[in-house]
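# Fold and geometry: a report
Listed here are the chains, written in short residue letters.
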Amino acid sequence: MKLPCITMLATLLLTVPAAAQLQITPPATTPSAPAEKQKPKPPAPAKKKEAAPKPSSSPKPSASPKPATVIPAPPSDDPNVDLVFGAYQRGQYKTAFELATARAQAGDAKAMTMLGELYSNAMGIRRDYAKAAEWYKRAADSGDREAMFALAMLRISGRGGPVDKNEAVKLMASAAKLGEPKAAYNLALLYLDGQTLPQDVRRSAELLRQAADAGLPEAQYALATFYKEGTGVPKDPERAVRLLQAASLADNVDAEVEYAIAMFNGTGTPKNQPAAVALLRKASRQGSAIAQNRLAWVLINGVGTPMDKIEGFKWHLVAKTSGKGDPELDKQFSDLPADDRAKAEAAARKWLGPK
């Protein structure tokens, strides 16, 4: 199901030493007060060396909410609920609705949560947040942790009823105590926020660790930034990299970019520039403008990969369309021969496709 959730965005710092050897430097993060997620203060911009690009801002967790997916998992020993969930997984939402209704009326909490899911996302039934909240509440009152989290997110957003952050926090805390990783993650961000709850970075780190240990990639990425800077935990670059690697393996794009940078520089992990470049390529294809900008630099300079200025400037132009401009690369691009500029522009247009 799609409910508001807070995710983390990364921006990364690239510096070019005077010796013309690229070094991609992971960002420093010192949390301040994000709106519903950690928001470290950016470091002061590094002074620009001759022939070096301007550093970007350090990674700040964005306050922009993103949809989260909450899929109630039925108990494996209940064949009736398995039928409900099976229909849901196959996209047979009307069947799932009918089966879940019968089970919910018999008092099954997982079926109640499923009804909340279907009503909240207009799956097989007209969207109705009020009914979704009603079913979530019934399931939450019966002890279902996913229903607690889903209802908390509705209360925060004011869907299906008035905004009630106090109730949302209580529901999240209960769900987190029962082992719901998304609840622990979002509660951690509220503790880091310092608005809905008093700011407590140590408590935030504890909750992030709980969610990260449960395998939530967003929490792994967030906790990595804590260990990298010693926020609420002892500073530990190696542990930060292990968390980045775990989140990267789960296709968290922000983690992919930072893990690539760590490998490129050999920070907290053995240096492996070819693997770093391969991961930057992957993140670039997934739409990360930051990765596209960094990939442009390594391709144009031929560091860790064969030099390919056409491909490099292609990625520069693609990143620029996403707001990740780079004045230094603009200057270098203008100095290219006209034929090479045309090739790079054609490659960028091909990648971007028709608008």
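What you see is a predicted model, and the numbers here were worked out from it, not measured in a lab.

### What about helix 16 (residues 338–352)?
Over its 15 residues, helix 16 runs 21 Å from end to end, which matches the ideal 21 Å to within 8%, given 1.5 Å per residue. In the stretch just after helix 16, G353 is the one whose phi turns positive, near 75°.

### Here we look at the packing of helix 11 (residues 253–265) against helix 12 (residues 273–285)
Close contact between helix 11 and helix 12 brings their axes to 8 Å; oriented N to C, the two are set at 160°. Classified by the interaxial angle, the pair formed by helix 11 and helix 12 is roughly antiparallel. Helix 12 is crossed by helix 11, and the crossing has left-handed handedness. Listed contacts from helix 12 to V253, E256, V257, Y259, A260, M263 and F264 of helix 11 are Q273, A275, A276, V277, L279, L280, K282 and A283. Counted by class, the contact of helix 11 with helix 12 contains 12 nonpolar, one polar and two charged residues.

### Some details on the environment of L279
Here L279 is to be found in helix 12. In this structure, the C-alpha to C-alpha distance between L279 and A291, residues 12 residues apart in sequence, is 8.8 Å.

### Observations regarding the packing of helix 6 (residues 165–177) against helix 7 (residues 181–193)
Interhelical geometry of helix 6 versus helix 7 gives an angle of 130° and a closest axis separation of 8 Å. Taken together, the axes of helix 6 and helix 7 are oblique relative to one another. The two elements helix 6 and helix 7 meet at a crossing, and its hand is left-handed. The residues of helix 7 that touch helix 6, namely those facing V169, M172, A173, A175 and A176, are A183, A184, N186, L187 and L190.

### Side note on the packing of aromatic side chains
Using the criterion set out here, one finds five aromatic pairs in the structure. With a centroid separation of 6.2 Å and 10° between ring planes, the pair formed by F85 and Y88 is classed as stacked. Taken as a pair, F85 and Y88 lie in helix 1 (residues 79–89) at a separation of three residues, close to a single helical turn. Note on accessibility: F85 and Y88 belong to one class, buried. Ring plane angle 50° and centroid distance 5.5 Å describe the contact between F313 and F333, whose orientation is recorded as tilted.

### Remarks on the environment of K137
Within the secondary structure, K137 sits in helix 4 (residues 129–141). We classify K137 as partly exposed; its relative accessible area is 36%. Between the C-alpha atoms of K137 and G116, which are 21 residues apart in sequence, the distance is 8.9 Å.

### Re helix 10 (residues 237–249)
An α-helical segment advances 3.6 residues per turn. Residues three or four places apart therefore align on the same side. Helix length check: helix 10 (13 residues) gives 18 Å between terminal C-alpha atoms against 18 Å at 1.5 Å per residue, within 8%. As for helix 10, its buried residues are in contact with helix 8 (201–213), helix 9 (217–229), helix 11 and helix 12. In the segment just after helix 10, D251 is the residue with positive phi, at about 70°.

### Observations regarding unusual backbone geometry
Here A122, not a glycine, exhibits a phi torsion of approximately 55°, which is positive. Looking at the secondary structure, you find A122 in the loop between helix 3 (109–121) and helix 4. Looking at A122, the relative accessible area reads 35%, which means it is partly exposed.

### Points about the side chain of S284
Relative to the assigned elements, S284 resides in helix 12. Residue class for S284 comes out buried when judged on its relative accessible area of 0%. For S284, the side chain forms a polar contact with the main-chain oxygen of A291, separated by 3.3 Å. Discounting residues that sit within four places of it in the chain, S284 has contacts with A291, Q292, L295, W315 and W351.

### A few points about the confidence of the model for the chain
Summary statistics for the chain give a mean pLDDT of 82 and a share of 77% for residues scoring 70 or more. Low confidence marks residues 1–22, where pLDDT is under 50. Its contacts with residues over four positions away, or in another chain, come to 113 contacts. Below pLDDT 50 for its whole length, residues 25–77 participates in 162 contacts with residues either more than four positions away or in separate chains.

### A word on the environment of N121
As for its position among the elements, N121 is in helix 3. Through-space distance from the C-alpha of N121 to that of A132 is 9.0 Å; in sequence the pair is 11 residues apart.

### Digging into the pattern of salt bridges
One pass over the full model with this rule turns up 13 salt bridges. In this structure, D108 engages R103 in a salt bridge whose closest nitrogen and oxygen atoms are separated by 3.5 Å. Classification of R103 as partly exposed rests on a relative accessible area of 23%. Notably, a salt bridge pairs R155 with E167, separated by 2.9 Å at the nearest N-O pair. Note that R155 is positioned in helix 5 (residues 145–157) and E167 in helix 6, a separation of 12 residues in sequence.

Conventions and cut-offs
Residues numbered from 1 in each chain as written. Predicted model: local features only at pLDDT ≥ 70, side-chain atom pairs only at ≥ 80, totals over all residues. Heavy atoms only, no water. Helix = DSSP H or I, 4+ residues; strand = E, 2+ residues; numbered from the N terminus. Expected span 1.5 Å × (residues − 1). Axes fitted to C-alpha atoms, helices over the stretch in contact; angles between N-to-C directions. Parallel < 35°, antiparallel > 145°, perpendicular 65-115°, else oblique. Left-handed = near helix turned anticlockwise from the far one by under 90°. Contact = heavy atoms within 4.5 Å. Nonpolar A, V, L, I, M, F, W, Y, C, P; charged D, E, K, R; others polar. Phe/Tyr/Trp six-rings, centres within 6.5 Å; stacked < 30°, edge-to-face > 60°. Buried < 20%, exposed > 50% of the residue type's maximum accessible area, 1.4 Å probe, protein only. Polar contact = N/O pair within 3.5 Å; in protein donor to acceptor, adjacent residues only side chain to side chain. pLDDT = per-residue confidence, 0-100. Salt bridge = Lys/Arg side-chain N within 4 Å of Asp/Glu carboxyl O.

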